[in-house]
Amino acid sequence: MKFFLDTADLDEIREAASWGVLSGVTTNPSLYARIGGKLADFPAHIQQICALVTGPISAEATGEGRADLIAQGRDLAKLAPNVVVKVPTTVEGLAATRVLADEGINVNMTLCFSVPQALLAARAGARYISPFVGRFDDISEDGIAALTDVVGALENYDFGHPVEIIAASLRSANHVTQAALIGADIATVPFGVLKKLVAHPLTDRGLKAFEADWQKVIDAQ
Ligand code: G3P
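Since the model is a prediction, treat every value here as computed from it, not as a measurement.

Rules behind the numbers
Residues numbered from 1 in each chain as written. Predicted model: local features only at pLDDT ≥ 70, side-chain atom pairs only at ≥ 80, totals over all residues. Heavy atoms only, no water. Near = heavy atom within 4 Å. Polar contact = N/O pair within 3.5 Å; in protein donor to acceptor, adjacent residues only side chain to side chain. Areas by Shrake-Rupley, 256 points an atom, 1.4 Å probe, with all protein chains shown as cover. Nonpolar A, V, L, I, M, F, W, Y, C, P; charged D, E, K, R; others polar. Buried < 20%, exposed > 50% of the residue type's maximum accessible area, 1.4 Å probe, protein only. Helix = DSSP H or I, 4+ residues; strand = E, 2+ residues; numbered from the N terminus. Pairing = 2+ DSSP bridges. Right-handed = clockwise from strand over helix to strand, strands pointing away. Contact = heavy atoms within 4.5 Å. Arc of directions from axis to C-beta. Axes fitted to C-alpha atoms, helices over the stretch in contact; angles between N-to-C directions. Parallel < 35°, antiparallel > 145°, perpendicular 65-115°, else oblique. Patch = residues over 30% accessible without salt bridge, like charges linked within 9 Å, V, L, I, M, F, W, Y side chains within 5 Å. Salt bridge = Lys/Arg side-chain N within 4 Å of Asp/Glu carboxyl O. Phe/Tyr/Trp six-rings, centres within 6.5 Å; stacked < 30°, edge-to-face > 60°. Lys NZ or Arg CZ within 6 Å of the ring centre and 35° of its normal.

1. Looking at the site of the ligand
- Looking at the ligand, the residues that line it are Asp6, Asn28, Phe132, Arg135, Ala168, Ser169 and Arg171.
- Contact distances for the ligand include 2.6 Å between an oxygen atom and a side-chain N or O atom of aspartate 6.
- One nitrogen or oxygen atom from the side chain of serine 169 is found 2.7 Å from an oxygen atom belonging to the ligand.
- Here the ligand has 310 Å² of accessible area as a free molecule, and 82% of this is covered by the chains.
- A class-by-class count of the residues in the shell around the ligand yields two nonpolar, two polar and three charged.

Structure below.
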């Protein structure tokens, strides 16, 4: 499983990249708004992220109709070679994805909540598909079960082009564990969740024991 950071925060991206584990970044309008992003700065901001991380960087197209999505997607794709255009899983999004994919632009179909949506996204040429997990949990449904269905269904077919599943809307280390056991290709996580992935109380306890024992070695000199 590859790890993407789900954020628009440059400091978080720099820090996670320094850990040597980051394979990409996903952003969306909410994440950009959360850092106080200005519309005029958006293209330059995406370019900064693309310069920090060599993997795929998802930037969202936000028009309602396919013409807007296609036009924005083309503009976003010009920002850097590693830009992936994020498009919603809707009729207009499918139509836009087909056009962009035929032009060689990588698309991440987002807001995917079902097997049929994922199959359609793959058929439309999406390079990445993002099933959301946590949003199901928000409405007391089982997001991991939904992700399991999507991963299992897509494994049954060859779409004639590479398709990777980005487990998205992950809120906990357990979500990441379950996504890995299912075989999701990528987990995109907020920085807070990434920090939790590296932490374990037994690691801390073991470290303290090593430090104490090493001090005994030093004291014995
Ligand atoms: O990548 C999708 C993600 O940003 C959505 O997460 O927590 O808003 O459901 P969340």
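Still more to cover.
2. Section: the pairing of strand E4 (residues 83–88)
- The buried count for E4 comes to six of six residues, which makes it a mostly enclosed element.
- One ladder, built from four bridges, connects strand E3 (residues 57–60) with E4; its direction is parallel. Residue pairing across strands places alanine 59 opposite valine 85, the latter belonging to E4.
- Crossover E3 to E4 through helix H4 (residues 66–77) is right-handed.
- Relative to strand E5 (residues 107–112), E4 runs parallel, the two sharing four bridges. By the bridge assignment for E5, proline 88 is matched with threonine 110.

3. Observations regarding the side chain of arginine 127
- Within the fold, arginine 127 resides in the loop between helix H6 (115–123) and strand E6 (128–131).
- For arginine 127, the residues in contact, after removing those within four places along its chain, are Asn106, Val107, Pro162, Val163 and Glu164.

4. Notes on helix H9 (residues 173–182)
- Taken residue by residue, H9 has His175, Val176, Ala179 and Ile182 as its buried positions. Mapping the buried residues of H9 onto a view down its axis gives an arc of 125°, with all of them on the same face.
- Of the surrounding secondary structure, the elements contacted by the buried residues of H9 are strand E1 (2–6), helix H7 (134–138), helix H8 (143–155), strand E7 (164–167), strand E8 (186–189) and helix H10 (191–198).
- Just past H9, the residue glycine 183 takes up positive phi, approximately 100°.

5. A look at unusual backbone geometry
- For leucine 111, which is not glycine, the phi dihedral falls at a positive 55°.
- The topology assignment puts leucine 111 in strand E5.
- Judged by relative accessible area, which is 33%, leucine 111 ranks as partly exposed.
- A positive phi is found at serine 140, a non-glycine position, where the angle reads about 60°.
- Checked against the element boundaries, serine 140 lands in the loop between H7 and H8.

6. Focus: the packing of helix H1 (residues 10–18) against helix H3 (residues 42–52)
- As a packed pair, H1 and H3 sit with axes 10 Å apart at the nearest point and diverge in direction by 10°. As far as their axial angle goes, H3 and H1 are roughly parallel. Seen from H1, the contacting residues are Leu10, Ile13, Arg14 and Ala17; seen from H3, they are His45, Gln48, Ile49 and Leu52.
- Looking at the contact of H1 with H3, its residues break down into five nonpolar, two polar and one charged.

7. Remarks on a nonpolar patch on the surface
- On the surface, Trp19, Val21 and Val198 cluster together into a nonpolar patch covering about 260 Å² of accessible area.
- Residue placement: valine 198 occurs in helix H10.

8. What about the packing of aromatic side chains?
- Evaluation of the coordinates by the stated rule reveals five aromatic pairs.
- In textbook terms, an aromatic cluster arises when at least three aromatic residues are bridged by ring pairs, as seen for Phe113, Phe132 and Phe136.
- In this structure, arginine 127 packs its charged tip against the face of tyrosine 128, placed 4.7 Å from the ring centre.

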